[in-house]
Amino acid sequence: MKLREPMPDLLGAVEWLNGEVTKEDLIGEKPTLIHFWSVSCYLCKEAMPQVNQFRDQYKDKLNVVAVHMPRSEEDLDIEQIKQTAAEHGINQPIFVDSEHKLAEKFENQYVPAYYVFDREGKLRHFQAGGSGMKMLEKRVNRVLDELEKTE
């Protein structure tokens, strides 16, 4: 995905955990962070406490949606996904992308990967890999600052 492209529709999940959201639910009021992760991804698990802290810190200002993107056959076990999500405190909606339908729409090949959309649903920041939560926070704050200036 290129910067400023609109958020794709959140369709094609084999299952939603922790409640289902649509693109329409996310656009309009506040920016959105969509993060891709996988049960077999060590870096994802390592970054999860920071993602959760981020989610909790900005809960009134930011939508957060997780996307489980499998990297192997073992990653398709829905019970394993539920267990890992519970162990790591992932209580935001989780799009289970076992068929890579959302990953294809996002043109995403990485876990962890983070996409920040402004409140109009336009992509403002993308990053992949385990490091860079500071950069992610900076980008989210920039989008939030813009939001406050327009209100």
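Please refer to the structure placed before this passage.
Every chain begins its residue count from 1, and numbering advances along the sequence as written. Reporting in this predicted model follows two pLDDT cut-offs: at least 70 for local features of residues, and 80 or more for side-chain atom pairs to be given and counted; totals over whole chains, interfaces and linings ignore these cut-offs and use all residues. Side-chain numbers come from the whole structure's heavy atoms, not from hydrogens or water.

Caption draft 1: Broad picture of the sheet that holds strand β5 (residues 113-117). Taken in spatial order, the 6 strands make up an open sheet running β1-β4-β3-β2-β5-β6, and their pairing is mixed. In this open sheet, the two edge strands, each paired with only one partner strand, are β1 (15-17) and β6 (123-128). Each strand of the sheet is rotated relative to its neighbour by a mean of 20°, with strand direction disregarded. Here, a strand pair is defined by DSSP locating no fewer than two bridges between the strands. Secondary structure elements are defined from DSSP: runs of H or I of at least 4 residues count as helices, runs of E of at least 2 residues count as strands, and each element is numbered from the N terminus. Bridge analysis of β5 against β6 gives 5 bridges, and the strand direction is antiparallel. Paired with Y114 across the strands is Q127, a residue of β6. The contact criterion used throughout is that any non-hydrogen atoms of two residues lie within 4.5 Å. Between N-to-C directions, angles cover 0 to 180 degrees, with each direction set by a line fitted to C-alpha atoms, over the stretch in contact for helices. Contacts from helix α2 (residues 42-57) reach β2 (32-37), β3 (63-68) and β5, with the element oriented near 165° to β2.

Caption draft 2: Seen up close, the environment of Q57. Within the secondary structure, Q57 sits in helix α2. Between the C-alpha atom of Q57 and that of G12, which follows or precedes it by 45 residues, the distance is 30 Å.

Caption draft 3: View of the packing of α2 against helix α5 (residues 133-150). In contact at an axis separation of 11 Å, α2 and α5 are set at 20° when each is read in the N-to-C sense. Relative to α5, the element α2 is oriented roughly parallel. As for how α2 packs across α5, the hand of that crossing is right-handed. From α2, Q50, V51, F54 and Q57 reach across to α5, where they touch M133, L136, E137 and V140. Side-chain classes follow a simple rule in which Ala, Val, Leu, Ile, Met, Phe, Trp, Tyr, Cys and Pro form the nonpolar group, Asp, Glu, Lys and Arg form the charged group, and the remainder, Gly included, forms the polar group. Considering only residue class, the contact of α2 with α5 consists of 5 nonpolar, 2 polar and 1 charged. Note on angle classes: values under 35 degrees are labelled roughly parallel, values over 145 roughly antiparallel, values of 65 to 115 roughly perpendicular, and the remainder oblique. Crossing handedness: left-handed means the near helix sits turned counterclockwise from the far one by under a right angle, and right-handed means the same turn made clockwise.

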